[in-house]
Amino acid sequence: MATIKILYFAGLREATGTASELLALPASVKDIAGLRTLLRNRGGAWLEALAENRRVRAAVNQDMAGDAQPLQDGDEVAFFPPVTGG
Amino acid sequence: MATIKILYFAGLREATGTASELLALPASVKDIAGLRTLLRNRGGAWLEALAENRRVRAAVNQDMAGDAQPLQDGDEVAFFPPVTGG
Amino acid sequence: MTVRIQHEDFDVGREIAALRACNAQIGAVASFIGVVRDLNDGDRVEAMTLEHYPGMTEKAIEAIIAQASGRWQLYDALVIHRIGRLAPLDQIVLVVVASAHRGDAFAACEFIMDYLKTRAPFWKKEQTPDGARWVEARASDDHAAERWRTKG
Amino acid sequence: MTVRIQHEDFDVGREIAALRACNAQIGAVASFIGVVRDLNDGDRVEAMTLEHYPGMTEKAIEAIIAQASGRWQLYDALVIHRIGRLAPLDQIVLVVVASAHRGDAFAACEFIMDYLKTRAPFWKKEQTPDGARWVEARASDDHAAERWRTKG
């Protein structure tokens, strides 16, 4: 079974109350889109923070990743709002 | 009779051997174009340094001036090559 | 090419001098400093906190600099970005680019800033009299980065 | 808005700090430093001498800054240009522009440099192994200044 690490940053970390977690991926979850759905299905703050109309970015192994990006055992996935540095 | 001050800079100063001069303007010289001709008519280095095919800029009272710029008593005129600062 | 993410302030004069030292082929140094303003979107800002994604941030900025180096003739480039709590007037970011000619230096410096604003994982949280709030990303920053897709 | 023509070197860090001191509305500081290169048009440059037209130079640069201020939102701007004898690696010119936002700061800084290169009365004489020569004006500098007539 594939296990991934998920990191949450900024407003997303605050809304979910989670900075990071290790997650055993159900076999049905193949990509970022599937992972988003899985997390939304936790309901409550998760449903709201990862709502489809929210602009939440994803990265896989520290590279920006689209919804179709496949997930593999050991991946480091991150979710965060659009960046505002500089 | 109108008297003007003329300044020469950079390569033009070196070519003419002149940094500045006071010049009593003949009544026939009304503008920068006329002054250029007057100076060229000195011949030798003047003819060459102010040749028509040379890009020599002019300023009157410290503002860039075209050939049609009229000259008045007391004007400070300057001739110089295209600028190369920065 | 250097990227530094740090809590401490930086010395602009020293950083620029170090970047151009000993290379007499450098004719142009363009730099940019981002500073904390005491007003944003009409509200007074008392302080801000900068969060980042350690590892990815450095990687993202290095990729931006590499892209700039492929596009313009650069001798060197430096990006320093601060994290943690900052107050108005504090320096946030420094970008310095050294090149033979000014056109390359200006373009690369602005390109790096525009891409950093949209691609480097930093997030600002502002402390205002009404409480703390995460700064929203601006459409104008996306547009600024977009420009470079077509421009020379 | 400050213009200084001087023989002495300048301290970039100090000048930038002074320009943005006390104004917490400044969010962006763009700057440019022009440096003497040891190679120009394929020849080794041992030194250069910068001549100017006292009075007109200051006036011309002040007019350029005024034009930039009319076009972009600037809090302050500084131009320092050195004259006299300079060696490779020596600083020639410093332009610093402070604004609320980076787009204005970058554009105004580059505009001032491009106009300074074509409108401010300075002339460079290079010392090369083959003797001294006046630097020729470049068409590329005219084109750089031309761009601003139509652009943004």
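The following paragraphs examine the structure supplied in this document. (Residues numbered from 1 in each chain as written. Chains lettered and ligands numbered in written order. Predicted model: local features only at pLDDT ≥ 70, side-chain atom pairs only at ≥ 80, totals over all residues. Heavy atoms only, no water.)

## Re the relation of the copies chain D and chain C
Stated precisely, the cut-off is as follows: When the copies are superposed, the least-squares fit draws on C-alpha atoms of residues that have pLDDT of at least 70 in both. Two residues qualify as a contact provided that any one of their heavy atoms is within 4.5 Å of a heavy atom in the partner residue.
Superposition record for chain D on chain C: RMSD 0.0 Å, screw rotation 180°, translation along axis 0.0 Å. A rotation of that kind, with that shift, is consistent with a two-fold axis. If distances are taken from each C-alpha of chain D to the rotation axis, the shortest is found for Gly13(D), at 1.9 Å. When the interface residues of chain D are mapped onto chain C, 100% of them are again interface residues, pointing to one common binding face.

## Re helix H2 (residues 32-40) of chain B
All names here are of chain B. As a reminder of what qualifies: The cut-offs for exposure are 20% and 50% of the maximum accessible area for each residue type, with area from a 1.4 Å probe on protein chains only; residues under the lower value are buried, those over the upper are exposed, and the others partly exposed. The numbering of helices and of strands both runs from the N terminus, where a helix is a DSSP run of H or I of at least 4 residues and a strand a run of E of at least 2. Here the arc refers to the set of directions running from the helix axis out to each C-beta atom.
Those residues of H2 that sit buried are Ile-32, Leu-35, Arg-36, Leu-39 and Arg-40. Down the axis of H2, the sector holding all buried residues measures 135°, keeping them to one side. Looking at the packing, one finds that the buried side of H2 touches strand E1 (3-8), strand E2 (20-24), helix H3 (44-49), strand E3 (57-60) and strand E5 (76-80).

## Re the arrangement of the chains
Considering every one of the three pairs of chains in contact, the largest contact total is recorded for chains C and D. Chain A shows no contact with chain B. Their nearest C-alpha atoms sit 29 Å apart. Note that chain B does not reach chain C: the shortest distance linking a C-alpha of one to a C-alpha of the other is 10 Å.

## Regarding the pairing of strand E6 (residues 76-82) of chain C
Consecutive residues of a regular strand have side chains that alternate between opposite faces of the sheet. All names here are of chain C. Using the following cut-off: Strand pairing is defined by DSSP finding a minimum of two bridges between the two strands.
Of all seven residues making up E6, six are buried, and the element is well covered by its neighbours. Where strand E1 (residues 2-6) and E6 come together, five bridges link them in parallel fashion. Bridge assignment links Ile-5 to a residue of E6, and that residue is His-81. Judged from the six bridges that link them, E6 and strand E8 (residues 91-99) form a sheet pairing that is antiparallel. By the bridge assignment for E8, His-81 is matched with Val-93.

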